[in-house]
Amino acid sequence: MSTFAVTYFYSADPAQLAEVRPLHREWLSGHFSTGSLLASGPKVDTPGALLIWSAESVEELAAVLDNDPFDIAGFIGERVIEEWNPIFGPWSS
């Protein structure tokens, strides 16, 4: 398994995000409980989020992320998936 850092850049306004957020968080919670989502949360000063995932490949992860209710609603203007090599911390090898 590899570790990936995913950055979301939202294209929706806060009211639209708030409307779908409960479904989005329920979806995230399911992945967190299986261990594939390691951490996630919104950015503080920019409209977006950072998510840390464990997956076999970027293609596999992209397919999973396509089912995020925020993505289905069209609220993610840009999604960046980068493989990450944590050296220190709870996800280091």
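See above for the structure.
Residues numbered from 1 in each chain as written. Predicted model: local features only at pLDDT ≥ 70, side-chain atom pairs only at ≥ 80, totals over all residues. Heavy atoms only, no water.

Engineer: Please clarify how the pairing of strand 2 (residues 37-42) should be interpreted in this entry.
Structural biologist: With 5 bridges connecting them, strand 2 and strand 3 (residues 48-55) associate as antiparallel partners. Bridge assignment links Ser40 to a residue of strand 3, and that residue is Leu51. Taking the residues that link successive antiparallel strands as the turn, the strand 2-strand 3 hairpin has 5 residues. (Pairing = 2+ DSSP bridges. Helix = DSSP H or I, 4+ residues; strand = E, 2+ residues; numbered from the N terminus.)

Engineer: Is there a simple way to think about the side chain of Ser36 in this case?
Structural biologist: Secondary-structure assignment places Ser36 in the loop between helix 1 (14-34) and strand 2. On the basis of relative accessibility, which here comes to 18%, the residue Ser36 falls in the buried class. Polar contacts involving the side chain of Ser36 include one to the side chain of Thr34, which spans 3.2 Å. (Buried < 20%, exposed > 50% of the residue type's maximum accessible area, 1.4 Å probe, protein only. Polar contact = N/O pair within 3.5 Å; in protein donor to acceptor, adjacent residues only side chain to side chain.)

Engineer: Sorry if this is basic, but what is going on with the environment of Ser57 here?
Structural biologist: Within the fold, Ser57 resides in the loop between strand 3 and helix 2 (58-65). Take Ser57: its relative accessible area is 23%, and that puts it in the partly exposed class. A sequence separation of 17 residues divides Ser57 from Ser40, and the C-alpha atoms of the two residues are 19 Å apart. Within the structure, Ser57 has its side chain in polar contact with the backbone nitrogen of Glu60 (distance 3.0 Å).

Engineer: Hey, could you run me through the nonpolar core in this one?
Structural biologist: Where a protein is soluble and globular, its nonpolar side chains tend to be buried together. Within the largest apolar cluster, 21 residues are counted, with the highest numbers of intra-cluster contacts made by Val6, Tyr8, Leu51, Trp53, Leu61 and Leu65. For this core, the secondary-structure elements that each account for two or more residues are strand 1 (2-10), helix 1, strand 3, helix 2 and strand 4 (76-84). (Core = buried A, V, L, I, M, F, W, Y, C linked by side-chain atoms within 4.5 Å.)

Engineer: I'm lost on the pattern of salt bridges in this one. Help?
Structural biologist: Throughout the structure, instances matching the rule amount to 1 salt bridge. Here Asp66 makes a salt bridge to Arg79, at a shortest N to O gap of 3.1 Å. Note that Asp66 is positioned in the loop between helix 2 and helix 3 (69-72) and Arg79 in strand 4, a separation of 13 residues in sequence. Note on Asp66: relative accessible area 40%, which makes it partly exposed. Of the residues examined, Arg79 reaches a relative accessible area of 27% and is grouped as partly exposed. (Salt bridge = Lys/Arg side-chain N within 4 Å of Asp/Glu carboxyl O.)

Engineer: Looking at this structure, how should I read the packing of aromatic side chains?
Structural biologist: Pairs of aromatic rings are described using the distance from one ring centre to the other and the angle between the two planes. Applying the stated rule across the entire model yields 5 aromatic pairs. Seen from their ring centres, Phe70 and Phe75 are 6.2 Å apart, and the 50 degrees between their planes marks the pair as tilted. With relative accessibility at 1%, the residue Phe70 sits in the buried group. Among the aromatic residues, those joined into a cluster by ring pairs are Tyr8, Tyr10, Phe70 and Phe75. (Phe/Tyr/Trp six-rings, centres within 6.5 Å; stacked < 30°, edge-to-face > 60°.)

Engineer: Sorry, what's going on with the environment of Ser29 here?
Structural biologist: For Ser29, the location among the structural elements is in helix 1. Through-space distance from the C-alpha of Ser29 to that of Ser40 is 9.9 Å; in sequence the pair is 11 residues apart.

Any link to function would need more than the numbers given here.
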